[in-house]
Every structure is written in structure tokens, then in C-alpha cells.
Amino acid sequence: MREQPKVATDSRLQIILDAVGLDYWENELLSGDVIRGPSKIFSELGYEKDDISSSVANFMLLVHPEDVPSLEQAMYDVVRGTSKRYHCEFRLKAKSGAWVWFANRGKILQEKGREHLKHLVGVTYNVNDRRLREEELARLNSELLAKTALLEKTNAALSTANAAKTRFLASASHDMRQPIQAAALFTHSLKQSLLNARQQEIVAYLDQSIQSIQDLLDRLLDISKLDAGMIEVQRQTFGVHQLFRRMASEFVAQAESKKLKISFHYPQADVFIDGDLHLVTMVLRNFLSNAVSYTNSGGIVVGVRRCGRHALLQVWDSGIGIASDQLERIYDEFYQIDNAHRDRRHGLGLGLAIARRAADLMSAPLRCKSQPGQGTMFELALVRDFHYKVQAVPAVQSTLAQRLFSGKRVVVIEDDVMAAKALTYWLEEQDCFVSLFSNAEDALKEPRVLGADFYISDFRLPGNLDGIAFLDAVRARTQRSFPGVVMTGDTSPDFIARAQRSDWPVMFKPINPDALVDALARLCCTHAASDELALSSAV
């Protein structure tokens, strides 16, 4: 290969350096002379060739005073051998007076046979844009740190204020409960006294006012406990059937008192949830309370949807709806939609605030979608338990009631709220599934009612059908025999005469649970014997 002339090689080298933005230089360290200067950077700074003399000392005059120590230290380290490479960034003064950032990279070069002469060779390149970006980034980061510190300070102050509020609410709630309890007892005593119509009206209003204060204190206590971290998540596995039965016992009567249709929809096979039953009940109860308060016509639907590993508990209503710009505010304390006059019939404005806190505590997503004038849907997403298996109850300790009702479906028709709740709770303790209705007409509209195992109905019911007519209607539609009883407090001769003509056993209130079990057990035996006789006759 033919060797290229040195001039041609230098020319090619200069082309390459120019292409990558590098300016080559070489200094003789002993004399301080510049053998080859970085002419390109001086041109960038606005200097002419004759403006800068060829010496390191003159070059240093252009360096920013703050950068001189670091530049000299970098040269010293490489000359003494403590560093093999020379690297430093510094600012040079342009002819216009502006400061521009550059970087030097180089190393010591010694020629063979002339080791006493040390040359520092290297390149210089412009890093001004990068340094300016770094300075801007550092400035922004400093501002961010300052704002973060301010935000942390503000959050600490808010937390302190919130804790103080929580302590005040808890203390006020505690101190007020005792006199409120006394007032409630006195009011109850007054109601039992002989009062004229005007006094009865006053006592009724007084009772409503005390109940409103008690509701407020209960809600404030829930808020206080959640804010104070006094409630810890207690995870357990529970079924949606159990949860919905509890909600039905609480809200069916409330909804029907406003002539609203309320229904609970869930799959026949139970959906099991891994969560805190108390907190989930708290959330669902507030969803339903909100739905009943803000729905004036139509109805409410409660359901569960299986979505992958989650169960979505949903409450739909046909109420007034919520505008999109208010969807976040509904979780604020005491905020209410369309209740500027603070009508207590719409609640206190704390229910959804409690629901949000409880959902956050469980890390359970809470969602709401609504259309003004059409209705609202609230949803709570919970984790399903796919591995849970229902544990069989040992039969050794089982009672006659448990053996009779366990796993069975019981239809209860009772319009008295407290009587319905008491009977429903007792039946659920026997591990059966209860469908509760306040009138016969609504019960007959539900297809699943016709396939129940037992029927317990009050005699006097709202609507056109009484308890006996209801049982007759079920038998006519199903064309089968089944255990059913009628309960009543009516002891008039006319009713007793009608009861004697009826095919259904009648039990008079108050009814002992054991007597109810015995009556239904006898009916089961009677129907079983009848079915066996009919089967043998057919054979």
C-alpha cells in the first residue's frame, strides 16, 4: 500500500474533526506554548486569528473565573500521572461578552527518545446546549423539590386539621349520645301515656327529630372511625346470597313505602367474595339508602356481575340522576344533589362519603355512572374467592328447625316491617334462603316464588289478596301440594270461621318458633305420605 503524504493525511483528519464538531489542539507543557491551537472554537466565539496569542496563559484569560481551578486541577492530575486522561468542562468568554460552555478531552503524548518533552494533545467541542438544558433541568428540579416540600407541609397541616376534626366529632358524638339516649327513652314513655291528638302529634315530631340526631351521630361515628384508622380490614369469604338477603330485609319495606319496586338479582350458584363483610355491607347499605332517597318513581335493581376475577356489586335506580360535573363532589361530606333546603328525608349527605372511605380502605374500586333524569348506577368491584367450598354443618348439633329448613327456599309474605325482619333473621339462622315480600301480588309476579319449598304468609296484606288467597293462587298455578301456613293476629269470629273452612293451617300471633317448626314438619310428613300414596296408585 502506498503511503499517503502527511499533508493529505492532516487534511483528511481535519475534515473528519470538522464533521463531528471537534477542534484539535496540542500544547507543549514545559514551555506552555501552543503548538496547534483550537482555531475553530475561537471562530465560534467571534475572535479573529490575530486576537488570541498562542499560549496557554492567554487561553486561560478567556476561561470563566469559577472554572479556572477545575481546569488547572485537571491539567495537574494528568501531568503528575494521577489521571491517565484529561477531561474538563468550562466556560469561555465570547467576543460579545457571553459565556459559552466547552469540553476538553486529551492525554499526554511523549515521543520516543525525547521523553523529557511532554505534549498534551486533545480535542475541544461545544457542550453549551447540553449544559444549558442541564441547568434548566436543575432549576426545574429545584422548583419541584420546593413545591413538593410545600405540598408535604400543606398535607401535614391538613392531616393535623383532619385529625383534630375527627377527634372533635368522636368526642362530640360520645358526649351527645347519653342525653340523646335519655331523650329517646323519655319520648318512648310519653308515647305510652294517655295523650290527646295534639300531644301525640308533638311527640311524633319529637321522636322524628331525635331519630334524625341519632342517625347523624351514627354517620359521624362511622366517618370518625374511618378517618382515624380505627377500622381494620378483616378479610373473610362470604357469599352474595347472604349479603343480598340482609339488604333485602332492610330495604324492601323502605322502597315499598315509596311505592318503588325493588329486586335483587344473583345467579343460582352463589358467588363467593374475599373481603370484609362489615365494610362491604356498609358500602352497599349506603348505595341503597341513596337510591331509595333520590328515587321517586320506578324502582331499584340490585345485582352482581362476574367479571374475570372480580364480582361487581351494582345498585341501579330510576331516580333524578347526577350531572357529570357533580360526580366527584357527591363523595364530599354533607354534599347533596337537589337538596338545597336540607330536607332530612334525603339523608344527611354522609352516606357516599362513608362508602368512598370504606371502599378505599379495602382497595376496592368504586364507580358511578349517571344520566340526569334517568337514573344512577353505583358499583363496587370485589375480588372473588374461587377456591372456597361451603363447609357442611355437623349434624350432631343440628336442631329440628335446621334439619327442616337447611338449604331450602322459603317465601315469606309479611307487611309489618319488624315482624318480617324478625322472621327473616330467624329463618336465615336455620341456613335457608328467604324471599321476602310485603304483598301477595308482588310475590306472584316473581317466577322463582312458585318453586319454593315452604310458604309462610300473614293473613291481612295490602292489596286484593290475603294470605289464604295467596296460598290458593300458588297451588292453582303450580298444581302441586306444599307446606304452607297462615299467620294472623285476627281473632274475630268471622275470620275463625273462614280459617276453619280453609285447607291451610292458621297460627295466631305471637307464634313460638318451635310451634311453627312443628306445624311445617307435620305438613311435610303429610305431603310426603300423600305423594307416596299417589305414586303407588299410579303404579
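Please refer to the structure higher up on the page.
The model shown is predicted, which means the values in this text are computed figures rather than measured ones. (Residues numbered from 1 in each chain as written. Predicted model: local features only at pLDDT ≥ 70, side-chain atom pairs only at ≥ 80, totals over all residues. Heavy atoms only, no water.)

Engineer: Describe the overall build of the chain, and please don't skip the residues or the numbers.
Structural biologist: The helix and strand tally for the chain stands at 15 helices and 17 strands. For the chain, buried positions account for 39% of its 539 residues. In the chain, of all internal contacts separated by at least 6 residues, the share reaching a separation of at least 24 is 65%. Surface summary for the chain: the accessible area is close to 31,600 Å², and the carbon and sulfur share equals 55%. (Helix = DSSP H or I, 4+ residues; strand = E, 2+ residues; numbered from the N terminus. Buried < 20%, exposed > 50% of the residue type's maximum accessible area, 1.4 Å probe, protein only. Contact = heavy atoms within 4.5 Å. Areas by Shrake-Rupley, 256 points an atom, 1.4 Å probe, with all protein chains shown as cover.)

Engineer: Talk me through the pattern of salt bridges; I want residue IDs and the actual numbers.
Structural biologist: According to the stated counting rule, one finds 15 salt bridges in the structure shown. A salt bridge links E446 to R448; the nearest nitrogen and oxygen atoms lie 3.3 Å apart. The class for E446 is buried, based on a relative accessible area of 14%. On the accessibility criterion, R448 (35% relative accessible area) is partly exposed. Several salt bridges share partner residues, and in doing so they unite E89, R130, R131 and E134 into one network. (Salt bridge = Lys/Arg side-chain N within 4 Å of Asp/Glu carboxyl O.)

Engineer: Give a description of empty space enclosed by the protein that names residues and reports values.
Structural biologist: Enumeration according to the criterion identifies two cavities of 30 Å³ or more in this entry. A volume near 30 Å³ is recorded for the second largest cavity. In terms of lining, the second largest cavity is formed by G21, L22, D23, K40, I41, E44, T124, Y125 and N126. Residue assignment for the lining of the second largest cavity shows that the elements contributing at least two residues are α2 (39–44) and β5 (114–126). Considered class by class, the residues forming the lining of the second largest cavity number three nonpolar, three polar and three charged. (1 Å grid on protein atoms, 1.4 Å probe; cavity = no way out; pocket = protein on both sides within 12 Å on 5 of 7 lines; lining within 4 Å. Points joined across faces, edges and corners; volume = space filled by probe spheres on them. Nonpolar A, V, L, I, M, F, W, Y, C, P; charged D, E, K, R; others polar.)

Engineer: Residue-level account of the nonpolar core, with values.
Structural biologist: Grouped together as the largest cluster of nonpolar side chains are 46 residues, with contacts concentrated most on F244, F287, L288, I300, L313 and L380. Mapped onto this core, the elements with two or more residues apiece are α7 (240–257), β7 (261–265), α8 (277–293), β9 (299–307), β10 (310–317), α9 (351–361), β11 (366–371) and β12 (375–383). With 10 residues, α8 is the single largest residue contributor to this core. Those residues within four positions of I300 in sequence are excluded, and the remaining contacts are L260, K261, I262, S263, L288, A291, V292, V315, W316 and D317. Residues V68, L71, C88 and L120 belong to the second largest nonpolar core, which totals 24 residues. (Core = buried A, V, L, I, M, F, W, Y, C linked by side-chain atoms within 4.5 Å.)

Engineer: Hey, could you go over the sheet that holds strand β15 (residues 454–458) for me, with residue numbers and the actual values?
Structural biologist: On the basis of which strands lie adjacent, the open sheet formed by five strands has the order β14-β13-β15-β16-β17 and parallel pairing. With one partner strand each, in any of the chains shown, β14 (433–437) and β17 (506–508) form the two edges of the open sheet. Taking each pair of neighbouring strands and ignoring which way they run, the sheet shows an average axis angle of 20°. Examined bridge by bridge, strand β13 (residues 409–413) and β14 share five bridges and lie parallel to one another. (Pairing = 2+ DSSP bridges. Axes fitted to C-alpha atoms, helices over the stretch in contact; angles between N-to-C directions.)

Engineer: Outline the packing of α8 against α9, supporting the account with residue identities and numerical values.
Structural biologist: Each packed pair of helices is defined by two parameters, the angle between the axes and the distance between the axes. For the pair α8 and α9, the least separation of the axes is 9 Å and the interaxial angle reads 150°. By the angle between their axes, α8 is roughly antiparallel relative to α9. Considering the relative orientation of α8 and α9, their crossing is left-handed. In contact with L279, M282, V283, N286, F287 and N290 of α8, α9 contributes G351, L352, I354, A355, A358, A359 and L361. Residue classes in the contact of α8 with α9 are distributed as 10 nonpolar, three polar and no charged. (Parallel < 35°, antiparallel > 145°, perpendicular 65-115°, else oblique. Left-handed = near helix turned anticlockwise from the far one by under 90°.)

Engineer: Now, about the pairing of β11: what can you tell me, with residues and values included?
Structural biologist: Burial of the side chains of β11 is restricted to one face: L366, C368 and S370 are buried, whereas none of R367, K369 and Q371 on the reverse face is. Two elements, β11 and β12, share six bridges in a ladder whose sense is antiparallel. Bridged to R367 within β12 is E379. Linking β11 to β12, which pair antiparallel, is a turn of three residues; within it G373 sits at a positive phi near 85°.

Engineer: Describe the packing of aromatic side chains, naming the residues involved and giving the relevant values.
Structural biologist: All chains considered together, the criterion is met by six aromatic pairs. Ring centres 6.1 Å apart and planes at 80° place the aromatic pair W25 and Y86 in the edge-to-face group. With a gap of 61 residues between them, W25 in strand β1 (residues 23–28) and Y86 in strand β3 (residues 86–93) connect regions that are remote in the sequence. Given the relative accessible area of 4%, W25 is considered buried. Taken together, the ring pairs connect Y455, F470, F482 and W504 into an aromatic cluster. Across from the ring centre of W101, 3.7 Å away, lies the NZ or CZ of R131, which sits over that ring. (Phe/Tyr/Trp six-rings, centres within 6.5 Å; stacked < 30°, edge-to-face > 60°. Lys NZ or Arg CZ within 6 Å of the ring centre and 35° of its normal.)

Engineer: Provide a residue-level description of the packing of α7 against α8, including the pertinent values.
Structural biologist: Two elements in contact, α7 and α8, have axes separated by 11 Å at closest approach and are oriented at 30°. It follows that α7 is roughly parallel to α8 by the angle criterion. At the point where α7 passes α8, the crossing takes the right-handed sense. In contact with Q242, L243, F244, R246, M247, E250, F251 and Q254 of α7, α8 contributes L277, V280, T281, L284, R285, L288, S289 and V292. Residue composition of the contact of α7 with α8, grouped by class: nine nonpolar, four polar and three charged.

Engineer: Now, about helix α13 (residues 467–478): what can you tell me, with residues and values included?
Structural biologist: When the terminal C-alpha atoms of α13 are compared, their 17 Å separation across 12 residues agrees well with the 16 Å that a helix rising 1.5 Å per residue should span. What α13 keeps buried is the set G467, I468, F470, L471, A473, V474 and T478. In the segment just after α13, Q479 is the residue with positive phi, at about 55°. (Expected span 1.5 Å × (residues − 1).)

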